[in-house]
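What follows is each chain in one-letter form.
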Amino acid sequence: MIREIGQVVFNREIAKHFFEAEIIAPLISSKCKPGQFINILPSSHWKNVMRRPMSISFQDDEKIRIIYKIVGEGTQLIGNWKVGEPVDLIGPLGNYWKGWEGYFPILMGGGVGIAPILNLHYYLNSQNINHVLIMGARTKAEHFLQPSQNENIFLTTDDGSIGVKGWITNALNEFPFDPLKSKIFTCGPPLMMEAIRKLALDKKIECDLALERLMACGFGICQGCTVEKTNNEKGTHSYRSKFALACIDGPIFSSSELVTC
Ligand SMILES: Cc1cc2nc3c(=O)[nH]c(=O)nc-3n(C[C@H](O)[C@H](O)[C@H](O)COP(=O)(O)OP(=O)(O)OC[C@H]3O[C@@H](n4cnc5c(N)ncnc54)[C@H](O)[C@@H]3O)c2cc1C
Ligand code: FES
């Protein structure tokens, strides 16, 4: 875990309500892996002690990117970042995507949950690993990816304004795959992930989910990001075998080890 003062390269709106910032942060970018996140101090003048966690959506040897929505004060301050501005980051944090060997990876991102999914998509492309990418949003204006059957990129919208209409899971009918030889990697709103978790368990599809819990410290001190794990030894389990911390044990968990998203 590194504390690094990065420098903003750009910070722009990429779709309705969606923003992307690129930051020069060579220490973090050279260490991080797809699925990991950073904890951001939105402004050096901010009185709030809690940093704001954001997934890394892109990395190279020098830079990282984040994709975010403005929902409160912290993300509003991030939205005000100017080119060249120094930004205080801690990272890389959390575990990372793994376990695609021997499977056909199906990547599913909903809303800003697309961020850690995109970083995995870029990585799999760099390794020439065939996979499918599905992004779900409410409406066409929120999409910043182009759908492409040739590149296995599918979009869904709640209102059908582009791509497949309805839930992100509807896109699973658009291409052939063998459930027993496929693995879903997903991140998005809790309701979306819970639907995917249940579908994966029902259809016996391997599935890893990245949870975006409220986090204070980001590194295991505050216990604010507790996740209940399945544990069949009721009464005999220890606290740590029944409850995990999303920040250090996750944010990525297997569908079978979560009670709920
Ligand atoms: C590991 C991780 C990765 C994340 N990656 C991204 C990302 O790539 N892009 C992105 O836009 N956001 C991401 N988030 C969520 C992001 O951290 C929050 O949106 C942000 O902290 C909100 O800060 P704020 O000060 O703007 O809003 P606040 O004033 O803190 O909150 C505004 C409202 O948003 C709600 N809220 C805050 N955080 C969350 C959350 N985690 N889940 C659901 N509701 C929340 C609050 O309850 C409140 O209603 C991630 C969270 C985690 C834990
Ligand atoms: S955020 Fe503090 S323990 Fe996880």
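The paragraphs below set out a description of the structure included in this document. (Residues numbered from 1 in each chain as written. Chains lettered and ligands numbered in written order. Predicted model: local features only at pLDDT ≥ 70, side-chain atom pairs only at ≥ 80, totals over all residues. Heavy atoms only, no water.)

If you tally the helices and strands in the protein, you get five helices and 16 strands. Against the compact-globule benchmark of 18 Å for 261 residues, the protein has a radius of gyration of 18 Å, which places it among compact chains. Taking the principal axes of its C-alpha atoms as reference, the protein extends roughly 50 × 50 × 35 Å. When each of the 261 residues of the protein is scored for burial, the buried share is 52%. A separation threshold of at least 6 residues defines the contact pool for the protein, and within that pool the share at least 24 residues apart is 64%. (Helix = DSSP H or I, 4+ residues; strand = E, 2+ residues; numbered from the N terminus. Rg over C-alpha atoms; globule rule 2.2 N^0.38 Å. Buried < 20%, exposed > 50% of the residue type's maximum accessible area, 1.4 Å probe, protein only. Contact = heavy atoms within 4.5 Å.)

What follows concerns the sheet that holds strand 4 (residues 52-55). Strand order in the open sheet formed by seven strands is 4-3-7-1-2-6-5, with antiparallel pairing between adjacent strands. This sheet does not close on itself; its edge strands, each paired only once, are strand 4 and strand 5 (58-59). Pairing geometry for strand 1 (residues 2-15) and strand 7 (residues 86-93), over six bridges, is antiparallel. Paired with Arg3 across the bridge in strand 7 is Ile90. (Pairing = 2+ DSSP bridges.)

This part is about the nonpolar core. One finds Ile106, Met108, Ile134 and Phe175 to be the most contacted residues of the largest nonpolar core, which totals 33 residues. Every element with two or more residues in this core is listed here: strand 7, strand 8 (104-110), strand 9 (132-137), helix 4 (190-203), strand 13 (206-210) and strand 15 (243-245). With four residues, the top contributor of residues to this core is helix 4. Each of domain 1 (2-93) and domain 2 (104-257) contributes no fewer than three residues to this core. When sequence neighbours within four positions are dropped, the list of residues in contact with Ile134 reads Ile106, Leu107, Met108, Gly109, Ile114, Phe154, Thr156, Ile168, Ala171, Leu172 and Phe175. (Core = buried A, V, L, I, M, F, W, Y, C linked by side-chain atoms within 4.5 Å. Domains from an automatic or database assignment.)

Our focus in this paragraph is the site of ligand 1. Every one of the 19 residues lining ligand 1 counts as a neighbour, but Arg52, Pro53, Gly74, Thr75 and Arg213 are closest to it. One of the backbone N or O atoms of Lys69 is found 3.1 Å from an oxygen atom in ligand 1. Within the backbone of Gly74, one N or O atom sits 2.7 Å away from an oxygen atom of ligand 1. With the chains in place, 72% of the 880 Å² that ligand 1 exposes on its own is no longer accessible. (Near = heavy atom within 4 Å. Polar contact = N/O pair within 3.5 Å; in protein donor to acceptor, adjacent residues only side chain to side chain. Areas by Shrake-Rupley, 256 points an atom, 1.4 Å probe, with all protein chains shown as cover.)

Let us now look at a nonpolar patch on the surface. Where nonpolar side chains cluster on the molecular surface, the patch consists of Met1, Phe219, Ile221 and Ile248 and spans about 430 Å² of accessible area. Structurally, the position occupied by Ile248 is in the loop between strand 15 and strand 16 (252-254). Assessed through its relative accessible area of 42%, Ile248 is described here as partly exposed. (Patch = residues over 30% accessible without salt bridge, like charges linked within 9 Å, V, L, I, M, F, W, Y side chains within 5 Å. Salt bridge = Lys/Arg side-chain N within 4 Å of Asp/Glu carboxyl O.)

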